[in-house]
Amino acid sequence: MINIIYGPKGTGKTKQIIDQANAAAEKAKGNVIFISDTKMYSVNINFDVKCVYTEEYAINSAEALRAFVCGMAAANYDIEYIFIDGIARITNSDLNELETVFAGIERLNDIKFVMTISAAKEQLPDFIAKYAY
């Protein structure tokens with residue numbers, strides 16, 4: 001399952017994804033992962049959520065993020081949720097360049113993904129728009 005939180009910069013997407021990660025941590029039977037490029041919001045995240053900061057792992061492309069997420073899933077079968085705040089910003093990618101990331105994570109059926117994207121719904125490519133709510 002993939003859910004996309006979208007909207008222009010400054011519309012509260014990060015607050016929404018943090019709230020969802022914290023709520024997931026309260027009910028999850030497995031691990032909850034929060035991926036971001038900044039530690040700025042880490043004080044707002046529940047201690048039960050594993051925070052991963054992409055700058056520490058040199059993740060700066062769509063392929064690097066796809067490989068990293070798939071590697072995490074392969075190494076830890078207990079991951080239930082992965083939250084990614086600012087996927088295009090993390091990967092330094094245009095939205096159309098994210099297709100490989102989505103293709104990779106679509107195969108991870110047992111993990112629920114929530115991601116934020118700074119764009120209007122009409123700017124989302126079809127492979128992303130089908131997950132927008």
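Higher on the page you've got the structure.
Residues numbered from 1 in each chain as written. Predicted model: local features only at pLDDT ≥ 70, side-chain atom pairs only at ≥ 80, totals over all residues. Heavy atoms only, no water.

Looking at the nonpolar core
Inference 1: If you look at the biggest cluster of nonpolar residues, it comprises 34 residues, and the most contacted ones within it are I82, L98, F102 and F113.
Inference 2: In terms of residue count, helix 2 (residues 62–75) provides more of this core than any other element does, 6 residues in total.
Inference 3: Residues within four places of I82 in sequence aside, it is in contact with I33, I35, V69, M72, I111, K112, F113 and V114. (Core = buried A, V, L, I, M, F, W, Y, C linked by side-chain atoms within 4.5 Å. Buried < 20%, exposed > 50% of the residue type's maximum accessible area, 1.4 Å probe, protein only. Helix = DSSP H or I, 4+ residues; strand = E, 2+ residues; numbered from the N terminus. Contact = heavy atoms within 4.5 Å.)

Here we look at the sheet that holds strand 5 (residues 112–118)
Inference 1: Taken together, the 5 strands give an open sheet; going across it, the order is 1-5-4-2-3, and neighbouring strands pair in parallel fashion. Of all the strands in the sheet, just strand 1 (2–7) and strand 3 (49–53) have a single pairing partner and so form its edges. For this sheet the average axis-to-axis angle between neighbouring strands, irrespective of direction, equals 15°.
Inference 2: With 6 bridges joining them, strand 1 and strand 5 adopt parallel strand pairing. Paired with Y6 across the two strands is I117, which belongs to strand 5.
Inference 3: Sheet strands in contact with helix 4 (residues 99–106) are strand 1 and strand 5, and its direction is about 150° off that of strand 1. (Pairing = 2+ DSSP bridges. Axes fitted to C-alpha atoms, helices over the stretch in contact; angles between N-to-C directions.)

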